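# Remarks on the overall topology
Now for the letters of each chain:
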Amino acid sequence: MKFIEADVLFPHAEHAFGTKEGSHDNVEDTIRDYTEILGPIAHMRQVHGDRIVYAGEPRVYPEADAIVTDRPDLWLAVKTADCVPVLLSCPQAVAAVHCGWRGLQQDILAKTIEVLQNDLGVSSTDIHMMIGPCIRQHNYEVENEFKTHFPEKFFRPSEKEGFSRLDLAGVAKWQATEAGLIDLNIHDTRHCTFDKVDMFNSHRRNKEEGNQDYNVQLSLIKRRDS
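Residues numbered from 1 in each chain as written. Predicted model: local features only at pLDDT ≥ 70, side-chain atom pairs only at ≥ 80, totals over all residues. Heavy atoms only, no water.

### Notes on the sheet that holds strand 7 (residues 75-80)
In space, the six strands of this open sheet follow the order 1-2-15-7-3-5, with mixed pairing throughout. The two strands at the open ends of the sheet, each matched to only one other strand, are strand 1 (3-4) and strand 5 (60-61). Where strand 3 (residues 41-44) and strand 7 come together, two bridges link them in parallel fashion. Counterpart to Ala42 in the pairing with strand 7 is Leu76. The strands touched by helix 1 (residues 27-38) are strand 1, strand 2 (13-18), strand 3, strand 5, strand 7 and strand 15 (217-223); relative to strand 15, the strand with the most contacts, the crossing angle is about 40 degrees. (Pairing = 2+ DSSP bridges. Helix = DSSP H or I, 4+ residues; strand = E, 2+ residues; numbered from the N terminus. Contact = heavy atoms within 4.5 Å. Axes fitted to C-alpha atoms, helices over the stretch in contact; angles between N-to-C directions.)

### A word on the sheet that holds strand 12 (residues 155-157)
The strand order 11-13-12 describes an open sheet built from three strands, whose pairing is antiparallel. In this open sheet, the two strands that pair with only one neighbour each are strand 11 (141-143) and strand 12. Across the sheet, the mean angle separating the axes of adjacent strands is 50 degrees when strand polarity is ignored. As paired strands, strand 11 and strand 13 (residues 163-166) are joined by three bridges and run antiparallel to one another. Along strand 13, the bridge assignment pairs Val142 with Ser164.

### Regarding the packing of aromatic side chains
Under the definition given, this model contains three aromatic pairs. Look at Phe3 and Tyr34: their rings are 5.4 Å apart centre to centre, the planes differ by 75 degrees, and that puts the pair in the edge-to-face class. Here the residue Phe3 occupies a position in strand 1, and Tyr34 occupies one in helix 1, the gap between them amounting to 31 residues. A relative accessible area of 28% places Phe3 in the partly exposed class. Here Arg59 stacks its cationic end above the ring of Tyr61, 3.9 Å away from the centre of that ring. Its end group placed over the ring of Phe163, Lys160 keeps NZ or CZ at 4.3 Å from the ring centre. (Phe/Tyr/Trp six-rings, centres within 6.5 Å; stacked < 30°, edge-to-face > 60°. Buried < 20%, exposed > 50% of the residue type's maximum accessible area, 1.4 Å probe, protein only. Lys NZ or Arg CZ within 6 Å of the ring centre and 35° of its normal.)

### Quick word on the environment of Asp167
Structurally, Asp167 can be placed in the loop between strand 13 and helix 4 (168-178). What makes Asp167 partly exposed here is its relative accessible area of 22%.

### Examining unusual backbone geometry
Despite not being glycine, His48 shows a phi value in the positive range, around 60 degrees. Tracing the backbone through its elements, the reader meets His48 in the loop between strand 3 and strand 4 (52-54). Judged by its relative accessible area of 32%, His48 falls in the partly exposed class. Even without glycine at this site, Asp107 takes up a positive phi of about 65 degrees. Along the chain, Asp107 turns up in the loop between helix 2 (101-105) and helix 3 (108-120). What makes Asp107 partly exposed here is its relative accessible area of 36%.

### As for the nonpolar core
Within the largest apolar cluster, 38 residues are counted, with the highest numbers of intra-cluster contacts made by Val86, Leu88, Leu109, Met129 and Leu166. Looking at this core, the elements that each hand over two or more residues are strand 6 (66-69), strand 8 (84-89), strand 9 (94-99), helix 2, helix 3, strand 10 (128-131) and helix 4. When residues in this core are grouped by element, the largest group, five residues, is from helix 4. Once you skip the residues sitting within four places of it in the chain, Leu166 turns out to touch Gln137, Tyr140, Val142, Phe146, Phe150, Phe154, Phe155 and Val171. By size, the runner-up hydrophobic cluster in this structure holds 21 residues, among which are Phe10, Ala64, Ile67 and Val78. (Core = buried A, V, L, I, M, F, W, Y, C linked by side-chain atoms within 4.5 Å.)

Structure follows, in structure tokens:
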């Protein structure tokens, strides 16, 4: 099992970005292996929506795309294979957010930050954010209709007529700053799941290769007990 390291560390949390090494066809088996290494994990049955849940124990939470906790003994996990995994850290709590285009269109990240503020007493200026491995703009080709969902500045022309290239990670960063996060507190691993064939699972890469099956990697965060 292999993890990658970010260039910076969270001041109030531990985090880990998994790779395809050690990921199983059944995600529950992957969770079980990670639990043996890291400790108890709470994760979600992700549905590309905007539901946010509080995790009080290590289990799978149904139909959610963001998970928060103030417990220092519990890892939170988000599962991705091109979507943007976002980890949030602050003194009082941590969160893990699944940011696909549908979730970002529904402001899942901003809503999670709002939950941290309103329910857990967090100041937006105390929140640190990390973007994990995801598909990057040069590989993420979408129909031009997507321009009705996000500002024009996040699109680049594509060689394919009727298509553009969308910067999902850029959208996540922008939505976070709009929600009050300080730019200096936003960090990005800059890994591309599509490009790094030997390191990451990629739904789009598999689809282009004619393979409808794909695995996921986990991005995890745990509040540091201070």
